[in-house]
Amino acid sequence: MSGGPLLSPPLTSALGWLGWSLLVGALANRLPLAMLSRDSWLTRPRPWGERAQAYERGLGIRRWKPLLPDAGGVLPGGMAKAALARRDRASLERLLAETRRAELVHLALWPFWLLTALWLPPQGVLVNLVFATLFNLPCLWVQRYNRLRLRKILGEEQPAARPLRPLAGPSTRAPG
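A quick note: this is a predicted structure, and the numbers were derived from the prediction, not measured.

1. Details of the packing of aromatic side chains
- In the structure shown here, the tally under the stated rule is 8 aromatic pairs.
- For the ring pair Trp 20 and Phe 112, a centre distance of 6.0 Å and an interplane angle of 25° mean the geometry is stacked. Linking Trp 20 in helix H1 (residues 9–29) with Phe 112 in helix H5 (residues 112–115), this pair joins segments that are 92 residues apart in sequence.
- When its relative accessible area of 6% is taken as the criterion, Phe 112 is described as buried.
- On the basis of an interplanar angle of 15° and a centroid distance of 5.7 Å, the ring pair of Phe 131 and Phe 135 is categorised as stacked. Residue Phe 131 and its partner Phe 135 are located together in helix H6 (residues 122–153), separated by 4 residues, close to a single helical turn.

2. Some thoughts on the side chain of Arg 144
- With respect to the element layout, Arg 144 can be found in helix H6.
- Overall, the relative accessible area of 8% leaves Arg 144 in the buried class.
- A polar atom in the side chain of Arg 144 sits 3.5 Å from the backbone oxygen of Leu 42.
- Ignoring anything within four residues of it in the chain, the contact list for Arg 144 reads Leu 42, Thr 43, Arg 44, Pro 45, Arg 46, Glu 50, Tyr 55 and Glu 103.

3. Quick look at the packing of helix H2 (residues 52–59) against H6
- Where H2 contacts H6, the two axes come as close as 8 Å, and the packing angle between them is 135°. On the basis of their axis angle, the class for H2 and H6 is oblique. In this structure, H2 uses Ala 52, Gln 53, Tyr 55, Glu 56 and Leu 59 to contact H6, whose residues at the interface are Trp 141, Arg 144, Tyr 145, Leu 148, Arg 149 and Lys 152.
- The residue makeup of the contact of H2 with H6, split by class, is 6 nonpolar, 1 polar and 4 charged.

Thresholds, definitions, all that
- Residues numbered from 1 in each chain as written.
- Predicted model: local features only at pLDDT ≥ 70, side-chain atom pairs only at ≥ 80, totals over all residues.
- Heavy atoms only, no water.
- Phe/Tyr/Trp six-rings, centres within 6.5 Å; stacked < 30°, edge-to-face > 60°.
- Helix = DSSP H or I, 4+ residues; strand = E, 2+ residues; numbered from the N terminus.
- Buried < 20%, exposed > 50% of the residue type's maximum accessible area, 1.4 Å probe, protein only.
- Polar contact = N/O pair within 3.5 Å; in protein donor to acceptor, adjacent residues only side chain to side chain.
- Contact = heavy atoms within 4.5 Å.
- Axes fitted to C-alpha atoms, helices over the stretch in contact; angles between N-to-C directions.
- Parallel < 35°, antiparallel > 145°, perpendicular 65-115°, else oblique.
- Nonpolar A, V, L, I, M, F, W, Y, C, P; charged D, E, K, R; others polar.

What follows is the structure, given as structure tokens:
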């Protein structure tokens, strides 16, 4: 009788993702609202002129966005985004903060696939990379899209796209 592995690679991956998700979610729920009241370098609109319309036209986000689950209220201290669906300024600002929290969560969840290299063969690591990307990227897009829309509702100015500067070479300014 041969002794097989106690836990199969798919089961260890699933348990790893579950544990990592719970840890990241619990830590994110402890972030103070003051820390989420403004965009950081991670969450601010991108300098190339990130706009909600690009998410609508390019990704068709309005069609599939309602299909994504909202795990904001799963852990103690968390908040489902639907609970903040009021139109008063305080609720909209809180929802804006929660989009930042959710974006940080999904940015922190994604790299777990790297840890799977400790126990999985390369094919298993690749499967986890694909899973991490397919699970987190749409959620990141939705948070950024929602934040852009909320900023517009709140009348916050969208940062202008910054022109790219040449890396080197002669100046492009006219003399004078």
